[in-house]
Amino acid sequence: MALTPEKSRSFFRIRELMLNRHQSSRSDALDIRRAIASQLRDALQELPLTPFDWSTFDAATALRGSRETEGDTPDLRLTALTKLLCTAPARGPELRALWNECVVTAEYSLRLAPMLRADRETCAVASLLHRLGDLLTLRAIGTLEYAMRVRLDAASRADLCAQHGGELQGRTVRAWGVAPRAAATAAEWRRLRDFPSAAAEATVVYLARLFAIEQLSPQFCALGMIEHACEEAGILPGALAPHRKTPP
């Protein structure tokens, strides 16, 4: 049906308004990113104090105490770490989800470590801290968003975490006195695709994270991904079944 001159003008006016709104939205998002980014680097300079002495921290015992179903008394050090990393005036649900992924990864790492003859404590500590830089960056972003009354878009948030997370994690684990081997492992798992011969502990963290993703967000775990990764690590398919259940 042909448009009358009036309807035609109205159609193009609406289209123009929609285009302007889209462009304005993109411009606003870019302005917010610039505003957050301009203050983020300074906000990340001051590192949070460690909530406990890592030289006496037993990750296996702490994780066992975190499982309420077992009736164990919660480990106060892990509780303090959770509070430190997940407390922010904004982004709380995302921080808790990210930290929960770290905890589940650590639980799986305790199971997988013996299969690769890796050190269980190193794997568990590295798994707990393997997203530390992202957590601290996201926490700082949430604090800035709240103060500025803005909301960063998902793509910009991910970019800023990738930009600052690695360096921030390195500075933090050194300041906290985390054992060097565990600190290095917490970073090495990201480079496993480029360096498949990385230490066994880094391989355990990488595999444990895949198990955690399968449990928490199965929609993001491609079919056969875990089997393929374990096969590359030298783990027989038949050995996987007991480890794919929900951690006790």
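The structure under discussion appears in the preceding block.
Cut-offs used in this document
Residues numbered from 1 in each chain as written. Predicted model: local features only at pLDDT ≥ 70, side-chain atom pairs only at ≥ 80, totals over all residues. Heavy atoms only, no water. Helix = DSSP H or I, 4+ residues; strand = E, 2+ residues; numbered from the N terminus. Contact = heavy atoms within 4.5 Å. Buried < 20%, exposed > 50% of the residue type's maximum accessible area, 1.4 Å probe, protein only. Polar contact = N/O pair within 3.5 Å; in protein donor to acceptor, adjacent residues only side chain to side chain. Phe/Tyr/Trp six-rings, centres within 6.5 Å; stacked < 30°, edge-to-face > 60°. Lys NZ or Arg CZ within 6 Å of the ring centre and 35° of its normal. Core = buried A, V, L, I, M, F, W, Y, C linked by side-chain atoms within 4.5 Å. Salt bridge = Lys/Arg side-chain N within 4 Å of Asp/Glu carboxyl O. Axes fitted to C-alpha atoms, helices over the stretch in contact; angles between N-to-C directions. Parallel < 35°, antiparallel > 145°, perpendicular 65-115°, else oblique. Left-handed = near helix turned anticlockwise from the far one by under 90°. Nonpolar A, V, L, I, M, F, W, Y, C, P; charged D, E, K, R; others polar.

**Comments concerning the environment of Asp119**
Positionally, Asp119 belongs in the loop between α4 (92-112) and α5 (120-129). A sequence separation of 10 residues divides Asp119 from Ser109, and the C-alpha atoms of the two residues are 9.8 Å apart. Not counting residues within four places of it along the chain, the set of residues in contact with Asp119 comprises Ala113 and Glu201.

**Here's the deal with helix α3 (residues 76-86)**
For α3, the complete set of buried residues consists of Leu78, Leu81, Leu84, Leu85 and Cys86. The backbone nitrogen of Arg77 lies 2.9 Å from a side-chain oxygen of the residue at the head of α3, namely Asp75.

**Side note on the packing of aromatic side chains**
In this structure the tally under the stated criterion is 5 aromatic pairs. Aromatic ring contacts, followed pair by pair, group Phe52, Trp54, Phe57 and Trp176 into a single cluster. Cation over ring: Arg149 sits above Tyr146, and NZ or CZ is 4.6 Å from the ring centre.

**What about the nonpolar core?**
Residues Trp54, Phe57, Leu81, Trp99, Leu129 and Val178 are the most contacted members of the largest nonpolar core, which totals 68 residues. For this core, the element with the most residues is α4, which contributes 10 residues. Residues in contact with Trp54, not counting those within four places in the same chain, are Leu81, Val125, Leu129, Trp176, Gly177 and Val178.

**Observations concerning the pattern of salt bridges**
For the coordinates displayed, the defined rule picks out 11 salt bridges. A salt bridge links Glu94 to Arg157; the nearest nitrogen and oxygen atoms lie 2.8 Å apart. One end of the pair, Glu94, is in helix α4; the other, Arg157, is in helix α7 (residues 154-176), with 63 residues separating them in the sequence. The partner of Arg131 in a salt bridge is Glu101, with the nearest N and O atoms 3.2 Å apart. Of the two residues, Arg131 sits in the loop between α5 and α6 (132-148) while Glu101 sits in helix α4, which places them 30 residues apart along the sequence. This pair shows no difference in class: Arg131 is buried, exactly as Glu101 is.

**Some points on the packing of α4 against helix α9 (residues 200-216)**
It is at 8 Å that the axes of α4 and α9 come closest, and there the two elements cross at 125 degrees. In terms of orientation, α4 and α9 fall into the oblique class. The crossing of α4 and α9 is right-handed. Contacts between α4 and α9 involve Asn100, Glu101, Val104, Thr105, Tyr108, Ser109 and Leu112 from the former and Val204, Val205, Leu207, Ala208, Arg209, Phe211, Ala212, Gln215 and Leu216 from the latter. Each residue belonging to the contact of α4 with α9 can be placed in one class, and the counts come to 10 nonpolar, 4 polar and 2 charged.

**With respect to the packing of α4 against α6**
Axis separation between α4 and α6 bottoms out at 10 Å; the angle between their running directions is 170 degrees. As far as their axial angle goes, α6 and α4 are roughly antiparallel. Where α4 approaches α6, its residues Glu94, Leu95, Leu98, Trp99 and Cys102 are matched on the opposing element by Asp134, Leu135, Leu138 and Arg139. Broken down by class, the residue content of the contact of α4 with α6 amounts to 6 nonpolar, no polar and 3 charged.

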